[in-house]
Amino acid sequence: MNKVAKVTIFFWIMKIIATTLGETAGDFISMSLGLGYYVAFAITFAILAIFLFFQIQSDRYRPALYWVAIIATTTAGTEVSDLMDRSLGLGYAIGSLILVAALLSVLAIWYYRDRDLSVYPIARKDAETTYWLAILFSNSLGTAFGDFLTSNLGLSYIQGAFATASVIGVVIALHYVTKLSDVLLFWLAFIFTRPFGATFGDFLTKPIKNGGLSLPRGYASAIAFILLAVVLFFSVRNEKKVRHPIE
């Protein structure tokens, strides 16, 4: 029995698209709709709670439900980062440190309880709850770190995307040339795919004078959602072929 997605190349492609969608959708709710960060935070977390409730109560892995929940965590992560920086005035650097501490605390509790941090397969509800908490904090951390690169260090959105892509490349290399824990490398990759997708989302929607393409956030979100749905379709089809090969 399993409740979560298997980590394959399709997983990482969809994760990056979901982070881009989370960035553009989060900004659409708080900025384009003019609701502000507090209201956007409340809306996105209410939506996240609903989808996570159905995901955790589900009796098996349901691809569409799982990935909608991932999108909800990336969207909520955008609101967490913006709320900490712009509404609470903590700044992206301090916000990132707080989120690092929160993520490490969740992982420590998870390891203390199970003596294992494997992310596949997951079947027990308590393990899955911890899994989703770690995902939420890692997505929030990735957002804050991506914003730190562009806002505090002055990198352009493309430069920020290349910087985080370079880190992801190092993690991939470590996977193949070292014996470092796959669990450790998974969480490193998971964290850094978030700022990669987030900075790319900013590149699509921010004004041209600020280094973006100035696409409407609603359009960018719709394009990312359709692209994610297409990749998910092929992922599910490929999984069925693997499980039921043609004789």
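- Going by what an unreviewed UniProt entry lists, the protein is known as Membrane protein and is assigned to Nostoc cf. commune SO-36.

**Here we look at the UniProt feature "transmembrane region" (unreviewed entry) in the protein**
Inference 1: With numbering matched to this structure, UniProt assigns "transmembrane region" (unreviewed entry) to residues 7-29, 35-54, 66-84, 90-111, 131-150, 156-177, 184-205 and 217-236.
Inference 2: Secondary structure across residues 7-29 comprises 91% helix and 0% strand; the distance between its end C-alpha atoms is 30 Å.
Inference 3: Here residues 217-236 runs as 100% helix and 0% strand, with 28 Å between its end C-alpha atoms.

**Remarks on the packing of helix H1 (residues 9-32) against helix H3 (residues 63-87)**
Inference 1: Running from amino to carboxyl end, H1 crosses H3 at an angle of 50 degrees, the nearest separation of the two axes being 8 Å. Looking at the two axes, H1 sits oblique to H3. As for how H1 packs across H3, the hand of that crossing is right-handed.
Inference 2: Broken down by class, the residue content of the contact of H1 with H3 amounts to eleven nonpolar, seven polar and six charged.

**Thoughts on a nonpolar patch on the surface**
Inference 1: A cluster of nonpolar side chains, namely Phe28, Leu33, Leu35, Val39, Ile43 and Ile47, defines an oily patch on the protein surface of about 440 Å² accessible area.
Inference 2: For the nonpolar patch, the leading source of residues is helix H2 (residues 36-57), giving three residues.
Inference 3: Looking at the secondary structure, you find Leu33 in the loop between H1 and H2.
Inference 4: Under the relative-accessibility criterion, Leu33 is labelled partly exposed at 47%.

About the thresholds
Residues numbered from 1 in each chain as written. Predicted model: local features only at pLDDT ≥ 70, side-chain atom pairs only at ≥ 80, totals over all residues. Heavy atoms only, no water. UniProt positions renumbered as here; feature names shortened; annotations may be inferred. Helix = DSSP H or I, 4+ residues; strand = E, 2+ residues; numbered from the N terminus. Axes fitted to C-alpha atoms, helices over the stretch in contact; angles between N-to-C directions. Parallel < 35°, antiparallel > 145°, perpendicular 65-115°, else oblique. Left-handed = near helix turned anticlockwise from the far one by under 90°. Nonpolar A, V, L, I, M, F, W, Y, C, P; charged D, E, K, R; others polar. Patch = residues over 30% accessible without salt bridge, like charges linked within 9 Å, V, L, I, M, F, W, Y side chains within 5 Å. Areas by Shrake-Rupley, 256 points an atom, 1.4 Å probe, with all protein chains shown as cover. Salt bridge = Lys/Arg side-chain N within 4 Å of Asp/Glu carboxyl O. Buried < 20%, exposed > 50% of the residue type's maximum accessible area, 1.4 Å probe, protein only.

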